[in-house]
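# Structural features, examined
What follows is each chain in one-letter form.
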Amino acid sequence: MSESQYIVPKDTRIGHVHLKVADIDRSLKFYQGLLGFQIEQRYGSQAVFISAGGYHHHIGLNTWHSKNGPPAPQNSTGLYHTAIVYPTRKDLAVVLKRLLDAGYPLTGMSDHGVSEAIYLNDPDGNGVELYWDRPKDQWPKDEKGGLSMVTEPLDIKGLLAELDH
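This section reports on the structure supplied with the text. (Residues numbered from 1 in each chain as written. Predicted model: local features only at pLDDT ≥ 70, side-chain atom pairs only at ≥ 80, totals over all residues. Heavy atoms only, no water.)

### Considering the overall build of the protein
Our working rule: Numbering of helices and strands runs from the N terminus, with a helix taken as a DSSP run of H or I at least four residues long and a strand as a DSSP run of E at least two residues long. By the convention used here, residues are in contact when the closest approach between their heavy atoms is within 4.5 Å.
Within the protein, the regular secondary structure consists of three helices and nine strands. Put simply, the protein runs from its N terminus to its C terminus through helices and strands in the order β-α-β-β-β-β-α-β-β-β-β-α. Structurally, the protein occupies a C-alpha span of about 55 × 55 × 35 Å along its principal axes. Here the analysis covers contacts within the protein between residues at least 6 apart in sequence; of these, 55% occur between residues at least 24 apart.

What follows is the structure, given as structure tokens:
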């Protein structure tokens, strides 16, 4: 097989993201206190690994090169956002309500046809997308059967109504 024809195996996945942060405790207030991730391991005072459901880590937070540093400039290269996928629409509604109750600033909310998403920044200015995927058979398709994602306003009332079920 030539290099130009190589396709990554279909079961390949992205395992974790490791973020440079200025203050571990401040980041934990967001990722653990607000979003609900659990601490799996600390590396002294300079790093912590957090996860959902006991995985070794979905997110690593470290201050190895960034302790007390400023956020990265917005108009430069780097990570655009970390995407956290919730298993159900109701789970996304729960985290949205937590954010709203806490008065945490959101940067956007969208319905992409394939998913519903909430956008915000963590305390270090790292972009975070919180979303759930609709079942694949509900994804919008074009006339040729190809994926046809959109960016429409999120039905916030409908999403929060999930909490009543």
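Next comes the rest of the description.
### Examining the side chain of Asn-62
Mapped onto the fold, Asn-62 is located in strand β4 (residues 59-62). Among residues more than four places away in sequence, those in contact with Asn-62 are His-18, Leu-19, Lys-20, Val-21, Ile-24, Gln-46 and Ala-47.

### Quick look at unusual backbone geometry
Using the following cut-off: Only protein chains enter the accessibility calculation, which uses a 1.4 Å probe. A residue is then buried if its area is under 20% of the maximum for its type, exposed if over 50%, and partly exposed in between.
One non-glycine residue with positive phi stands out, namely Asn-68, at about 60°. The residue Asn-68 is located in the loop between β4 and β5 (82-85) in this model. Of the residues examined, Asn-68 reaches a relative accessible area of 62% and is grouped as exposed.

### Brief notes about the packing of aromatic side chains
The description of an aromatic ring pair uses the distance of the two centres, along with the angle that the planes make with each other. This is how the line gets drawn: Centre distance within 6.5 Å is the pairing criterion for rings of Phe, Tyr and Trp, where only the six-membered ring of Trp is used; planes under 30 degrees apart are then read as stacked, over 60 as edge-to-face, and the remainder as tilted.
Per the counting criterion, the structure on display carries three aromatic pairs. Centroid distance Phe-30 to Tyr-104: 5.1 Å. Interplanar angle 40°. Geometry classified as tilted. Of this pair, Phe-30 sits in helix α1 (residues 24-34) while Tyr-104 sits in the loop between α2 (89-102) and β6 (106-111), and the two are 74 residues apart along the sequence. You'll find Phe-30 and Tyr-104 in the same group, each marked buried. Between Tyr-43 and Phe-49, the aromatic rings sit 5.2 Å apart at their centres with planes inclined by 50°, giving tilted as the arrangement. In this structure an aromatic cluster arises from ring pairing among Phe-30, Tyr-31 and Tyr-104.

### Points about the nonpolar core
For clarity, the cut-off: Nonpolar core, defined: a set of buried Ala, Val, Leu, Ile, Met, Phe, Trp, Tyr and Cys residues in which side-chain atoms within 4.5 Å join the residues together.
Of all hydrophobic cores here, the largest spans 29 residues; its most connected members are Tyr-31, Leu-35, Ile-59, Leu-61, Ile-118 and Leu-130. Counting residues per element, the ones that place at least two in this core are β1 (17-20), α1, β3 (47-51), β4, α2, β7 (115-121) and β8 (127-133). In contact with Leu-35, not counting residues within four places along its chain, are Phe-30, Ile-84, Tyr-86, Val-95, Leu-99 and Leu-130.

### What to know about the sheet that holds β3
The criterion, for reference: Strand pairing is defined by DSSP finding a minimum of two bridges between the two strands. Axis angles are defined between N-to-C directions and span 0 to 180 degrees, where every axis is a line fitted to C-alpha atoms and, for a helix, only to the segment in contact.
Taken together, the four strands give an open sheet; going across it, the order is β1-β4-β3-β2, and neighbouring strands pair in mixed fashion. In this open sheet, the two edge strands, each paired with only one partner strand, are β1 and β2 (38-43). Strand-to-strand twist across the sheet, computed as the mean angle between neighbouring axes with direction ignored, equals 20°. Examined bridge by bridge, β3 and β4 share four bridges and lie antiparallel to one another. Bridge pairing in β4 places Phe-49 opposite Gly-60. α1 rests against β1, β2, β3 and β4 of the sheet, and its axis sits at about 155° to β4.

### Describing α2
Test applied: In this scheme, a helix's expected span is set at 1.5 Å multiplied by one less than its residue total.
Along its 14 residues, α2 runs 20 Å from first to last C-alpha, staying within 8% of the 20 Å computed at 1.5 Å per residue. Arg-89, Leu-92, Ala-93, Val-95, Leu-96 and Leu-99 are the residues of α2 that are buried. For α2, the elements touching its buried residues are α1, β6, β7, β8 and α3 (156-161). Where α2 ends, the next residue or the one after it, Gly-103, has phi of about 70°, a positive value.

Read these as layout, nothing more, since geometry by itself doesn't imply function.
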